[in-house]
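# Examining the three-dimensional arrangement
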Amino acid sequence: MRRHRGFGGRMFAQGDLRFVVLKLISDKPSHGYEIIKAIEDRLAGAYSPSPGVVYPTLTLLEELGQIRVQEADGPRKLFAITPEGEAALDQNRGLVDTIFGRIAEINERHGGGPAPQIVRAMENLKMALRIRLSRGPLNADQVAAIASTLDDAAKAVEDS
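Residues numbered from 1 in each chain as written. Predicted model: local features only at pLDDT ≥ 70, side-chain atom pairs only at ≥ 80, totals over all residues. Heavy atoms only, no water.

Among the secondary structure elements, arginine 132 is positioned in helix H6 (residues 116-134). For arginine 132, which is buried and forms no salt bridge, the nearest opposite charge comes from aspartate 141, at a distance of 12 Å. (Helix = DSSP H or I, 4+ residues; strand = E, 2+ residues; numbered from the N terminus. Buried < 20%, exposed > 50% of the residue type's maximum accessible area, 1.4 Å probe, protein only. Lys, Arg positive; Asp, Glu negative; His and termini not counted. Salt bridge = Lys/Arg side-chain N within 4 Å of Asp/Glu carboxyl O.)

So, in structure tokens, the structure goes:
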């Protein structure tokens, strides 16, 4: 979900995401997907950064020597903070506190909204449908199968 741009049309000001990612990794070594989920959860579903934003940020932090790969399992990398990363956080403590203060405000405003996991799942479904429909026309069997799947999902949600 990429709605709700809270800061001048963007969720984060230039360079802020770098400190958000660095701080989250300092709290707990994490994989890229875990960082995306942590940001989404802290913002109560109001925003979820795309992998196309988070993974280049991880690469930058690694190139700056502020994080390192603690372990890798194929393409999945667990990132941990380095002493250089801790120093960067210390040097920018005021900015980091301000960023996380804004995040807490957004969380408070949106905390009563739908669970971030549900919002993310809805967005994933919409994207999957857009991608499939963009690949070309569907035959009657495909239309029936997709409609049936969506109807089944709707019924399961209603019954939950």
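Let us keep going from here.
Time to look at the pattern of salt bridges. Taken as a whole and assessed by the stated rule, the structure comprises nine salt bridges. A salt bridge links arginine 102 to aspartate 16; the nearest nitrogen and oxygen atoms lie 2.6 Å apart. Of this pair, arginine 102 sits in helix H5 (residues 93-110) while aspartate 16 sits in helix H1 (residues 16-27), and the two are 86 residues apart along the sequence. On the basis of relative accessibility, which here comes to 4%, the residue aspartate 16 falls in the buried class.

Those residues of helix H4 (residues 83-91) lying buried are Gly85, Ala88 and Leu89. End-on, the buried residues of H4 take up no more than an arc of 100°, which puts them together on one face. Facing away from the buried side of H4 by over 90 degrees, the exposed positions are Pro83, Asp90 and Gln91. The secondary structure elements touched by the buried residues of H4 are H1, strand S2 (76-81) and H5. (Arc of directions from axis to C-beta. Contact = heavy atoms within 4.5 Å.)

Our focus in this paragraph is the nonpolar core. In this structure, Phe12, Val20, Ile25, Ile35, Ile39, Leu43 and Leu58 are the most contacted members of the largest nonpolar core, which totals 28 residues. Residue assignment for this core shows that the elements contributing at least two residues are H1, helix H2 (32-42), helix H3 (51-63), S2, H4 and H5. With seven residues, the top contributor of residues to this core is H1. When residues no more than four places from it in sequence are discounted, the contact partners of leucine 43 are Met11, Phe12, Ile103, Ile106, Asn107 and His110. (Core = buried A, V, L, I, M, F, W, Y, C linked by side-chain atoms within 4.5 Å.)

This next bit is on the environment of alanine 80. For alanine 80, the location among the structural elements is in strand S2. For the pair alanine 80 and leucine 22, spaced 58 residues apart in sequence, the C-alpha separation works out to 9.0 Å. Residue contacts for alanine 80: discarding those within four places in its chain leaves Ile25, Pro29, Gln66, Ile67, Arg68 and Gln70.

Okay, the pairing of strand S1 (residues 67-73) next. Two elements, S1 and S2, share six bridges in a ladder whose sense is antiparallel. Bridged to valine 69 within S2 is phenylalanine 79. Between S1 and S2, which pair antiparallel one after the other, the connecting turn spans two residues, and glycine 74 there sits at a positive phi close to 65°. (Pairing = 2+ DSSP bridges.)

Taken as a whole, H2 has its buried residues at Gly32, Ile35, Ile36, Lys37, Ile39 and Glu40. Among the residues trailing H2, alanine 44 stands out with phi positive, at a value near 50°.

This part takes up the packing of H1 against H3. Relative orientation of the contacting elements H1 and H3 amounts to 75°, with a least axis distance of 10 Å. The angle between the axes of H1 and H3 places the two elements in the roughly perpendicular class. Residue-level inspection shows Leu17, Arg18, Val21, Leu22 and Ile25 of H1 in contact with H3, the latter providing Val53, Thr57, Leu58, Leu60 and Leu61. The residue makeup of the contact of H1 with H3, split by class, is eight nonpolar, one polar and one charged. (Axes fitted to C-alpha atoms, helices over the stretch in contact; angles between N-to-C directions. Parallel < 35°, antiparallel > 145°, perpendicular 65-115°, else oblique. Nonpolar A, V, L, I, M, F, W, Y, C, P; charged D, E, K, R; others polar.)

What follows is about the environment of leucine 17. Within the secondary structure layout, leucine 17 lies in helix H1. Residue leucine 17 is classed as buried on the basis of its relative accessible area of 9%. Placed 22 residues apart in sequence, leucine 17 and isoleucine 39 show a C-alpha to C-alpha distance of 9.7 Å. Contacts of leucine 17, omitting those with residues within four sequence positions, involve Phe12, Ile39, Val53 and Thr57.

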